[in-house]
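# Architecture and fold: a report
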Amino acid sequence: MTTELAPAPAPTEAPAARPRTFSGIQPSGVVHLGNDLGAIRNYVRLQSEYEAIYCIVDYHALTSTHDADVLRQRTREMAASLLALGLDPDRCTLFIQSHRPEVTELAWLLATVTPVSWLERTPTYKEKKASQPDDVNHGLLTYPVLQAADIVIYKASLVPVGRDQAAHLELTREIVRAFNHRYGPTFPEPQAVYTDAPLVLGTDGVRKMSKSLGNTIDILASTDVIRKQVMSMVTDTRRILRTDPGRPEVCNVCQLQPSFGDDHEQLWEGERTARTGCVDMKKLLADRIVARYAEARERYAELMAVPARVDEILSAGAERIRPIAEATMAEVREKMGLR
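Structure report, in brief. (Residues numbered from 1 in each chain as written. Predicted model: local features only at pLDDT ≥ 70, side-chain atom pairs only at ≥ 80, totals over all residues. Heavy atoms only, no water.)

### Some details on the packing of aromatic side chains
Applying the stated criterion across every chain yields a total of 6 aromatic pairs. Seen from their ring centres, F95 and Y154 are 5.8 Å apart, and the 80° between their planes marks the pair as edge-to-face. In this pair, F95 sits in strand β4 (residues 92–96) while Y154 sits in the loop between α7 (138–152) and β5 (158–162), placing the two residues 59 residues apart along the sequence. When its relative accessible area of 1% is taken as the criterion, F95 is described as buried. Judged by relative accessible area, which is 1%, Y154 ranks as buried. Between F260 and Y293, the ring centres sit 6.2 Å apart and the planes meet at 75°, which makes this aromatic pair edge-to-face. With F260 in the loop between α10 (252–256) and α11 (264–272) and Y293 in the loop between α12 (278–292) and α13 (294–305), the pair connects residues that are 33 residues apart, well separated along the chain. With relative accessibility at 2%, the residue Y293 sits in the buried group. Put simply, the rings of F22, F95 and Y154 pair up and form one aromatic cluster. For R41, the ring lying beneath its charged end belongs to F260, and the centroid distance is 5.3 Å. (Phe/Tyr/Trp six-rings, centres within 6.5 Å; stacked < 30°, edge-to-face > 60°. Helix = DSSP H or I, 4+ residues; strand = E, 2+ residues; numbered from the N terminus. Buried < 20%, exposed > 50% of the residue type's maximum accessible area, 1.4 Å probe, protein only. Lys NZ or Arg CZ within 6 Å of the ring centre and 35° of its normal.)

### Considerations on helix α1 (residues 33–46)
Over its 14 residues, α1 extends 19 Å from the first C-alpha to the last, a length consistent with the 20 Å expected when each residue adds 1.5 Å. In terms of burial, α1 is a largely internal element, 10 of the 14 residues being buried. Taken as a whole, α1 has its buried residues at L33, G34, N35, D36, L37, I40, N42, Y43, V44 and L46. (Expected span 1.5 Å × (residues − 1).)

### Quick word on the pairing of strand β6 (residues 191–195)
Sheet topology note: the β5/β6 ladder contains 5 bridges and is parallel. Bridged to V159 within β6 is A192. The parallel pair β5 and β6, bridged by helix α8 (residues 166–183), forms a crossover whose chirality is right-handed. (Pairing = 2+ DSSP bridges. Right-handed = clockwise from strand over helix to strand, strands pointing away.)

### Looking at the pattern of salt bridges
Under the definition given, this model contains 25 salt bridges. Note that E174 is salt-bridged to R121, the shortest N-O span being 2.6 Å. Of this pair, E174 sits in helix α8 while R121 sits in the loop between α5 (116–120) and α6 (123–131); the two residues are 53 residues apart in sequence, bridging distant segments of the chain. With a closest N to O distance of 2.6 Å, E331 and K155 form a salt bridge. Of this pair, E331 sits in helix α15 (residues 322–336) while K155 sits in the loop between α7 and β5, and the two are 176 residues apart along the sequence. Residues joined in a network through salt bridges with shared partners are E170, R173, R177 and E189. (Salt bridge = Lys/Arg side-chain N within 4 Å of Asp/Glu carboxyl O.)

### Some remarks on the packing of helix α4 (residues 102–111) against α15
At a minimum axis separation of 10 Å, α4 and α15 run at an interaxial angle of 30°. Comparing their axes, α15 and α4 come out roughly parallel. The interaxial crossing formed by α4 with α15 has left-handed handedness. Each of E102, E105, L106 and L109 in α4 lies in contact with α15, whose residues at this interface are A325, E326, M329, V332, R333 and M336. (Axes fitted to C-alpha atoms, helices over the stretch in contact; angles between N-to-C directions. Parallel < 35°, antiparallel > 145°, perpendicular 65-115°, else oblique. Left-handed = near helix turned anticlockwise from the far one by under 90°. Contact = heavy atoms within 4.5 Å.)

### Quick notes on the nonpolar core
Residues L33, L82 and I289 are the most contacted members of the largest nonpolar core, which totals 52 residues. Beyond its immediate chain neighbours, meaning those up to four positions away, L82 contacts I25, I40, Y43, I56, L87 and L94. Residues V103, L171, A192 and I321 belong to the second largest nonpolar core, which totals 42 residues. (Core = buried A, V, L, I, M, F, W, Y, C linked by side-chain atoms within 4.5 Å.)

### As for the packing of α7 against α8
Between two packed helices, both the angle of their axes relative to each other and the distance between the axes serve to describe the pair. Between α7 and α8, whose axes approach to 9 Å, the crossing angle comes to 75°. As summarised for this structure, α7 and α8 are arranged roughly perpendicular, according to the angle between their axes. Side by side, α7 and α8 meet where P144, V145, A148, I151 and V152 of the first sit next to L169, L171, T172, I175 and V176 of the second. Considered class by class, the residues forming the contact of α7 with α8 number 9 nonpolar, 1 polar and no charged. (Nonpolar A, V, L, I, M, F, W, Y, C, P; charged D, E, K, R; others polar.)

### Quick look at the pairing of strand β3 (residues 51–56)
The buried fraction of β3 amounts to 5 of the 6 residues, a majority that puts the element mostly inside the structure. Taken together, the 6 bridges between strand β2 (residues 20–25) and β3 define a ladder with parallel strand orientation. Bridging from a neighbouring strand, T21 pairs with A52 of β3.

### Things to note about α4
Two residues of an α-helix separated by three or four positions point the same way, owing to the 3.6 residues in each turn. For α4, the full list of buried residues reads E102, V103, L106, A107, L109 and L110. Projection of α4 onto a plane perpendicular to its axis shows the buried side chains occupying an angular sector of 165°, all on one side. Packing partners of the buried residues in α4 comprise α2 (58–61), α7, α8 and α15. (Arc of directions from axis to C-beta.)

### Section: the side chain of R20
Within the element layout of this structure, R20 appears in strand β2. At 2.5 Å, the side chain of R20 forms a polar contact with the backbone oxygen of Y154. Leaving out residues up to four positions away in the same chain, R20 has contacts with E51, I53, Y154, K155, A156, S157, L158 and I324. (Polar contact = N/O pair within 3.5 Å; in protein donor to acceptor, adjacent residues only side chain to side chain.)

### Some thoughts on the environment of C251
With respect to the secondary-structure elements, C251 resides in the loop between α9 (223–231) and α10. In this structure, the C-alpha to C-alpha distance between C251 and R239, residues 12 residues apart in sequence, is 9.8 Å. Setting aside residues up to four positions removed in sequence, C251 forms contacts with T235 and D236.

That is the geometry; function is a separate question.
See the structure below:
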């Protein structure tokens, strides 16, 4: 995984503060393989390089999740998953979005400089209208404004995103420019930290891995569940017989091997020459996933057995960033004439 960043500024006499990054993640419950490869591994790496702030976006989740008990459970499961997979509360800030409610005030204020046409053109809004046509609530339309507020209330200058999400960050930048133009320089325009995180297809081999599609590999589940899910994966549909040469470039199982070992070229050559078969590749991948996440599964079980510990970490994170949120809102209110 590589990252592209703008050149760091030249050092001054005093050590410069680390750049601040922000990223939010939906409270979708226990994480799956796509979550880890697509985002969480990068979160863990960034916490040692930047002042990293990570937020579980429960306000955002309300646009599609309307059961209070489900939301609470999924939020705690996501928090425990992140901690189990390597987020360290001593090296980053992890909190729940609603625990710093100042962000909703800022979202409203940013909405007053955001044209409706900007929101209607977002791909996510169009997708949500199609996927939940009976629940096209106002929150779906203004979702990107709240996203912008999440980032700029902490004056984060960097946001880790995949290249496919660049358009969403650009909308935040447009909102920032609109606000700064009307009220004067207030927020930095956040820059993307592009990562080469892979697009992780689900076990169906066609669509992105997603719980709603039922095509996940649940890395924190029991080893039996993991093996069953991996063995159900669709591979190269043209490879009918064991003796047929494989095409690792289109085989989903082969495409995941580089994330779990440095020998993927050898494995792929074995597929091309039919020295190995699809079942062999699945068994190997299952073994490696089970081994890779063994400690994380134990840690997750320990955290979920003591939920008060998880809640304590989240509360401490929200309190740690209180001064940043309050200072930003004091500045914004003054500039907008609210104080």
